[in-house]
Amino acid sequence: MTATATSARSDLSELGRSETALRTFLHGLPGVDQVGAEQRAAQLGTRSIKTTAKAQAIDLAIRMVDLTTLEGADTPGKVRALAAKALRPDPADPSCPHVGAVCVYPAMVPYVAEVLAGSGVHLASVATAFPSGQAPLEVKLADVRAAVAAGADEIDMVINRGAFLAGRYGEVYDEIVATKQACGDAHLKVILETGELATYDNVRRASWLGMLAGGDFIKTSTGKVPVAATLPVTLVMLEAVRDFRAATGRQVGVKPAGGIKTTKDAIKYLVMVNETVGADWLDPDWFRFGASSLLNDLLMQRTKLTTGVYAGPDYFTLD
Amino acid sequence: MFEYAPAPESRAIVDLRPSYGLFIDGEFVDGEDLHKTINPATEEVLAEVTWAGEADVDRAVRAARTAYEQVWGPMPGRDRAKYLFRIARLVQERSRELAVLESLDNGKPIRESRDVDLPLVAAHFFYYAGWADKLPYAGFGPDPKPLGVAAQVIPWNFPLLMLAWKIAPALAAGNTVVLKPAETTPLTALLFAEICQQADLPAGVVNIVTGAGDTGRALVEHPGVDKVAFTGSTEVGKAIARAVAGTRKKLTLELGGKAANIVYDDAPIDQAVEGIVNGIFFNQGHVCCAGSRLLVQESVAGEVLESLKRRMARLRVGDPLDKNTDVGAINSADQLARIRELSDAGSAEGAQRWSPPCELPERGFWFAPTIFTGVTQAHRVAREEIFGPVLSVLTFRTPAEAVEKANNTPYGLSAGIWTDKGSRILWTADRLRAGVVWANTFNKFDPTSPFGGYKESGYGREGGRHGLEGYLNV
């Protein structure tokens, strides 16, 4: 793809017009060798990030966190507390940066919006009948419009995995295009739910599909199925955004979500970003972590680096 | 930018003596002829070792003969196995110490000595320990016998791993050994001698004589040895073959290579690029089975090369003890000169040379990862073994042409095939004249898998059930 970048640029926008063209393109992408991809991901996981590099990575990871709560039990009080934590993750240390965004269900958006107004912290909302996506298109689009109207500036949508696995790529594409339109100015993150796509070949195809249809970010998971973000899946998606930019000139972000709980995990992802797509993506505008408990571990490690001692969990807020 | 801070592995775990004697008959024996061994990354002197003369070699062979006749030969296989298992466990217990010392003396990155060399060393001892009491079931008849005393000469690229490849099967089969490590990398073999003492291995079963070419010659030409096993250059291998011709000595040789790594147009490109990098830059390219000739199908050559260059720009060259180093130091000044000479020949013959921007340390022996494009079969860089981080890129149009070019070399140690199509893997592998063929991977080693060459890459197999044959009277 990269070698034919210039000739491909004009062609890609036309792909969505025909199911056949989409299928031919997606099935023509180079395959992913499972063993090789997993080996590469594991190898990057052995990098040793210490001292100054660790401090830098922790602050960057904090800025990349999409602080998330997606529970049936969420209440206005709960999400307000979370939003307050997003603004000042470590009350004891004003030098601690704020997180990238807060991510909640559409019904909770207005309460979060009040807290975040003017802060620079983004407000993301999962729409499109999250997490299954099994609702009529009109319902999903109404979900998106409501979230945007209530103040969300980022929408995390789920793709139609049923249609994708059945090979109805056009249907998936059209839904993403329609959702992007419904978003207006809000950024669209396209959740591939890689745990349900099962193969890396599918992950690569779904990544391209999401980007071709106009997604601003591609995101691994809802966090609601047993297999969420993994390093090899994120590697395949990073390769996809790298190749997509080479082919079209447009940069797309990546968001692994679900199951990333420790600083050590987060640093492995940052190393992977650094060595796969490079510095252009090492920014909250282009890489995010969908996580909740990760933040406190980052804060504990940050405190340990600055003070030299581990503080107990009671010194960090639980929201 | 995300710069990784230095993450050096501590060398405090290694306790080096200022000088080492020879390990003969279970003891270290002081010698006269001391030579320095250096850290190729800094040129700092690590220790002095003894270069064994003919008299020393003779004593070592006699000690091995006595141990063979009186202790190791008559010992039941299950008891030999106990010693081998014990050695394997001690190697695991002391693996960090051995890994650090290997990186110090050889120049290879700690990531590789820690994650590749040492786990494989232990695995080889465990694997052959398991064979020691099962030799009647190895497929060499109901009661295969050992040969006697094995003379083993190993190279500097994987010092401890090559020691394991040699010593483990020899001992499992009931032989005793005299082993000569390479002159630039003797230290882990001497630490292994300490492990033999720690394991209470009977005296004389393993003898280690350090030295250079003369020591090796004295060892393989000694009339008291029954078996010669050599890993190293084809040139020396031929000299050894001539020296043992007409004697009773059984000979196995594992020599040079110029492996083709074939990338078809339907290959998983990202993984193929990893495989190309691993194939040629693993261990600074000091690998006899390195994928030093990339054969890429013309229709994807541009894409593959672009990805390869981008990936090469990420390689971290530098301090072997830094845990984030990917490419370490060249093992010796001599080897560096050889790599430079052949690379200069590549440029002079018209191939295009490319290296990523990378800062090399001022002291020590260093060579940046390098690729040559526009290479033809007639170029020296496509024909001669460089044994360094230098890749020659050639293209092909059809599978038949790929096979023809891959086989068009006097060597035949290994080859790689990259394609998503299973039938093409089998078709290609059937036609490649190479001892090891990797499909959608490269430089993958396992003690259960036989390894060895065709043509001028040597004969005999090491590893697996086949690896026993060279040490049995069959």
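This text gives an overview of the structure that appears in the document. Bear in mind that the values here come from a model prediction, so they are computed numbers and not experimental data. Residue positions are counted from 1 within each chain, in the order its sequence is given. The naming scheme follows written order: chains are lettered A onward, ligands numbered 1 onward. Note on the predicted model: pLDDT of at least 70 is required for a residue's local features to be given, and 80 or more for side-chain atom pairs to be given and counted; whole-chain, interface and lining totals, by contrast, use all residues. Hydrogens are left out, water is left out, and the side-chain values use all remaining heavy atoms of the structure.

**Brief notes about helix H4 (residues 51-64) of chain A**
Residues and elements named next belong to chain A. Runs of H or I in DSSP of at least four residues are treated as helices and runs of E of at least two as strands, each being numbered from the N terminus. The length a helix should cover is 1.5 Å for every residue beyond the first. Counted at 1.5 Å a residue, the expected span for H4 with its 14 residues is 20 Å, and the 20 Å between its end C-alpha atoms agrees. Buried within H4 we find Ala53, Lys54, Ala57, Ile58, Leu60, Ala61, Ile62 and Met64. Should any heavy atoms of two residues lie within 4.5 Å, those residues are considered in contact. Buried positions along H4 lie against strand E1 (65-68), helix H13 (263-276), strand E8 (289-291) and helix H14 (294-307). Throughout, exposure labels follow a simple rule: accessible area from a 1.4 Å probe, protein chains only, divided by the maximum for the residue type, with under 20% read as buried, over 50% as exposed, and the rest as partly exposed.

**With respect to the packing of aromatic side chains**
In this description, a pair of aromatic rings is defined by centroid distance and the angle of the planes. Residues and elements named next belong to chain B. Aromatic pairs are defined between Phe, Tyr and Trp rings, using the six-membered ring for Trp, whenever the two ring centres lie within 6.5 Å; interplanar angles under 30 degrees are classed as stacked, those over 60 as edge-to-face, and all others as tilted. Applying the stated rule across the entire model yields 20 aromatic pairs over all chains. Between Phe125 and Phe192, the ring centres sit 5.5 Å apart and the planes meet at 25°, which makes this aromatic pair stacked. Of this pair, Phe125 sits in helix H4 (residues 110-131) while Phe192 sits in helix H6 (residues 187-198), and the two are 67 residues apart along the sequence. You'll find Phe125 and Phe192 in the same group, each marked buried. Judged by centre distance (5.1 Å) and plane angle (65°), the ring pair of Trp165 and Phe451 falls under edge-to-face. One end of the pair, Trp165, is in helix H5 (residues 159-173); the other, Phe451, is in the loop between strand E17 (436-439) and strand E18 (458-459), and 286 residues separate them in sequence. Taking the relative accessible area as the measure of exposure, Phe451 reaches 5% and is therefore buried. Cation placement over rings: the criterion is NZ of Lys or CZ of Arg within 6 Å of the ring centroid and within 35° of the ring normal. The cationic tip of Lys227 hangs over the ring face of Tyr471; the distance from NZ or CZ to the ring centre is 4.7 Å.

**Details of the environment of Ala229(A)**
Residues and elements named next belong to chain A. Along the polypeptide, Ala229 turns up in the loop between strand E6 (217-219) and helix H12 (231-248). Along the primary structure Ala229 and Gly258 are separated by 29 residues, whereas in three dimensions their C-alpha atoms are 5.6 Å apart. The contacts of Ala229, once residues within four sequence positions are left out, are Thr220, Ser221, Pro256, Ala257, Gly258, Ile260 and Tyr269.

**A word on the interface of chain B and chain A**
Each partner contributes to the interface: chain B provides 28 residues, whereas chain A provides 32 residues. A quick way to say it: buried area is the sum, across both parts, of accessible area lost when two parts are put together, with a 1.4 Å probe. Between chain B and chain A, roughly 2600 Å² of surface is buried when both sides are summed, and carbon and sulfur atoms account for 44% of that area. Sorting the residues of chain B by area buried against chain A places Phe2(B), Gln271(B) and Arg314(B) first, and these three jointly supply 25% of that buried surface. By definition here, a salt bridge exists when the distance from a side-chain nitrogen of Lys or Arg to a carboxyl oxygen of Asp or Glu is within 4 Å. One salt bridge in this structure joins Arg47(A) and Asp326(B), with 2.9 Å as the shortest N-O distance. Contributing elements (two or more residues each) for the side of chain B that touches chain A: H4, helix H9 (269-281) and helix H10 (298-312) of chain B. The greatest single-element share of the side of chain B that touches chain A, amounting to five residues, is contributed by H10(B). When residues are sorted by character, Ala, Val, Leu, Ile, Met, Phe, Trp, Tyr, Cys and Pro go into the nonpolar class, Asp, Glu, Lys and Arg into the charged class, and all the rest, Gly among them, into the polar class. In terms of residue class, the side of chain B that touches chain A is made up of eight nonpolar, four polar and 16 charged.

**Brief notes about the side chain of Lys258(B)**
All names here are of chain B. Within the fold, Lys258 resides in the loop between strand E10 (250-254) and strand E11 (260-263). Although Lys258 lies buried, it forms no salt bridge, and the closest oppositely charged side chain, Glu385, sits 7.9 Å away as judged by the N-O distance. Counted as a polar contact is a pair of N or O atoms within 3.5 Å, where, for protein atoms, one must be capable of donating a hydrogen and the other of accepting one, and residues adjacent in sequence contribute only when both atoms are in side chains. Here the side chain of Lys258 touches Glu384 through a polar contact of 2.8 Å, landing on its backbone oxygen. With residues near it in sequence (within four places) discarded, Lys258 still touches Ser292, Arg293, Val381, Ala382, Arg383, Glu384, Glu385, Ile386, Thr409 and Tyr411. For the charge count, each Lys or Arg is scored as positive and each Asp or Glu as negative, with His and the chain ends excluded.

That's the geometry; what it means functionally is another story.
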